[in-house]
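Listed below, chain by chain, are the residues.
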Amino acid sequence: MSDTSENLIPTVGEGFNLKQRFRQLWARKTTLGTMMMIGLSLGFLATYLPTPIYRTCTLLQIDPPQQHLVVPPNLHPAAAINQFESQSYYETQYRIIRSTATGARALRKLGLVNGAPSSNTVKSATVLLSHIEVLPIRDTRLVQIAATHTDPRTAAAWANAVADAYIDQNFESKVEATHSIYRRLTEKLSDGQGETSSKHLYETILLGINNTDVTSSIWSANVSIVERATVPQAPFRPDPIRSAILSLMGGLALGLGVLFLRHRMDNTIKMSDDVETYLHTDCLAVVPRQGDTYDGVATEAYQSLRCCLLLSRERERGNVVLVTSSVPHEGKSTTAYNIARALAGAGESTLLLDFDLRRSNLHKRLKLSVRPGLSDYFVRDFPLLQSIVQKTRFSNLYAIVPGKLPVNPQAFIRSPAVKRMLEEAGERYTWIILNAPPVLGVTNPLFMSELSDMMLMVVHCNRVDRKLVRRCVDSLTNTKTRLIGVVLNGAEPGQGSDVGHNHHDTESRPALPATVTPIRRVEWRAR
């Protein structure tokens with residue numbers, strides 16, 4: 001049978017359920033918590049292993065330049081102060097602050113270099129400026145000169161030195177510009193160039209320059225220090241609180257990414273919708289991952305299974321139910337054990353037979369002796385069925401254990417004595433639960449299916465590839481006995497879709513099937 005829907009996305013019960021998604025994430029809280037702790041650990045290493053970096057700022061106020069000396073604009077275009085865009089002016093000042101000349105001047109103020117500029121001075125200035133940032137404060141005339149360093153005192157000294165160097169350079173450039181105008185006017189007068197009226201104007205300007213204090217009258221100081229840098233008390237980088245928050249968020253994102261990739265790459269059966277979509281059979285119950293406990297949601301799941309079996313039986317006695325799985329460790333024996341307990345708890349006389357000879361463990365759960373068992377019956381050490389039946393501590397529940405492991409288990413199960421034993425058991429017990437070996441790799445379950453009235457397939461969530469499970473289901477459905485459905489075992493919260501939800505939610509409790517397809521009656525003697 002071809003699986004035409006193998007690559008389709010299930011559409012049964014589609015829709016975003018926030019509560020269900022939260023339960024799914026909560027079920028994987030260990031993975032998320034682990035990833036968050038890894039992220040926090042990496043953030044801790046990134047915070048405390050590197051050398052702390054300190055940062056401090058000197059606050060400057062830079063005003064647009066003002067012209068106090070009235071000079072006709074056509075007198076000397078190069079010396080006149082033009083009206084230009086404020087943005088262009090400030091961008092120029094920011095570049096001047098980070099210029100090599102300003103850096104060299106700051107080094108001299110710090111006493112780190114002496115004498116005329118040299119190539120070493122330029123290199124040292126470049127290193128200093130690599131620790132300097134110019135940070136304009138938006139919509140103001142304020143600018144921060146920020147300095148970073150591993151030593152907090154050095155950071156403060158560098159920020160203040162660069163600010164002082166910029167102010168000095170700004171002032172000296174204005175004085176030099178004034179001196180340049182003065183020299184040019186003097187040269188024009190001494191050369192006797194220009195008309196009489198022009199010479200008179202030059203003389204007037206020179207007289208004004210000589211009679212005016214250059215620093216206070218010609219140009220006003222448009223750069224001032226608002227606040228000097230102080231020695232920082234705490235490191236600027238790394239920030240422990242910020243690192244912790246980012247690390248936790250990064251770990252959470254990594255965890256969610258891992259879960260998403262696992263979900264996308266996972267080709268297993270995850271929820272009841274997958275059973276119907278990929279296996280094309282009914283999901284009778286979803287059993288949560290609760291180990292061997294028999295309470296809560298697990299109890300309701302097994303009670304739902306009991307209801308399905310009670311409604312599916314055709315006769316008062318001898319109803320044989322085969323319980324199997326595709327591979328070992330899917331919870332097949334646990335399911336058979338709990339189904340038998342549920343039926344016995346309803347007052348139905350139930351016999352539990354453990355035919356999983358190589359992995360027998362039901363006798364441990366029931367606290368029974370390992371012998372006598374099936375092997376003793378077949379070798380005729382105990383010719384009567386009742387001689388190997390053991391009474392359990394539960395009312396109406398009896399069991400037959402495998403006994404000593406035979407040399408050839410497959411031949412053992414194919415023995416005609418199996419039919420004889422089931423016929424005898426059918427006369428005494430209402431329900432006979434067969435715990436069969438897994439389907440994959442052996443033919444015993446397929447042979448035993450011919451001796452059963454109905455079959456249950458146990459599938460563990462997130463464990464076996466759905467193509468493999470589908471192949472096992474196809475093998476069972478090709479027999480004469482009807483596969484009534486699948487028990488989804490080991491489900492995490494939120495994986496059950498609309499089957500077997502939390503028992504506190506009365507609306508989501510499993511409902512009894514409205515109609516049940518009759519199960520074929522087995523006639524032993526007709527075979």
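The sections below set out a description of the structure shown in this document. (Residues numbered from 1 in each chain as written. Predicted model: local features only at pLDDT ≥ 70, side-chain atom pairs only at ≥ 80, totals over all residues. Heavy atoms only, no water.)

### Focus on the side chain of H460
We count it as follows: By definition, any uninterrupted DSSP run of H or I lasting at least four residues is a helix, any uninterrupted run of E lasting at least two residues is a strand, and each is numbered from the N terminus. Whether two residues are in contact is decided by their heavy atoms, any of which lying within 4.5 Å being enough.
Take H460: it is sitting in strand β11 (residues 454-460). In this view, H460 contacts I269, H329, E330, N489 and G490; residues no more than four positions away in its chain are not counted.

### Observations regarding the environment of Y278
Tracing the backbone shows Y278 in helix α10 (residues 272-279). Once the C-alpha coordinates of Y278 and V469 are considered, the two residues, 191 residues apart in sequence, prove to be 9.2 Å apart.

### Let's talk about the packing of aromatic side chains
Convention followed: Only Phe, Tyr and Trp rings take part, Trp by its six-membered ring, and two of them pair if their centres are within 6.5 Å. Stacked means planes under 30 degrees apart, edge-to-face means over 60, and tilted covers everything else. The buried label applies to any residue whose accessible area, calculated with a 1.4 Å probe on protein chains only, is under 20% of its type's maximum; exposed applies above 50%, and partly exposed to all values in between. For a ring to carry a charge above it, either NZ of a lysine or CZ of an arginine must fall within 6 Å of the ring centroid while also lying within 35 degrees of the normal to the ring plane.
Under the defined criterion, the tally for this structure stands at three aromatic pairs. Seen in terms of ring centroids, Y89 and Y90 are 5.4 Å apart; in terms of plane orientation they differ by 75°. Their pairing is edge-to-face. For the residue pair Y89 and Y90, the accessibility class agrees, reading buried in each case. Ring geometry for Y90 and Y94: centres 6.4 Å apart, planes at 35°, overall tilted. Highlighted residues: Y90 and Y94, both in helix α3 (residues 86-97), separated by four residues, approximately one helical turn. Take Y90: its relative accessible area is 8%, and that puts it in the buried class. A network of ring pairs unites the aromatic residues Y89, Y90 and Y94 as a single cluster. A cation over a ring is seen here: R55 above F236, with NZ or CZ 4.6 Å from the ring centre. Over the aromatic face of Y278 sits the side chain of R466, whose NZ or CZ is 3.9 Å from the ring centroid.

### A word on the side chain of S312
If you trace the backbone, S312 turns up in helix α11 (residues 296-312). Under the relative-accessibility criterion, S312 is labelled buried at 8%.

### Observations regarding the sheet that holds strand β3 (residues 142-149)
Applied cut-off: When DSSP finds two or more bridges between a pair of strands, those strands are recorded as paired. Between N-to-C directions, angles cover 0 to 180 degrees, with each direction set by a line fitted to C-alpha atoms, over the stretch in contact for helices.
One open sheet accounts for four strands, arranged β2-β3-β1-β4; its pairing is antiparallel. Where the open sheet ends on each side, the last strands, each with one partner, are β2 (132-136) and β4 (223-227). Ignoring which end each strand starts from, the neighbouring axes of this sheet average 30° apart. Relative to β3, β2 runs antiparallel, the two sharing five bridges. When the bridges of β3 are listed, E133 appears paired with A146.

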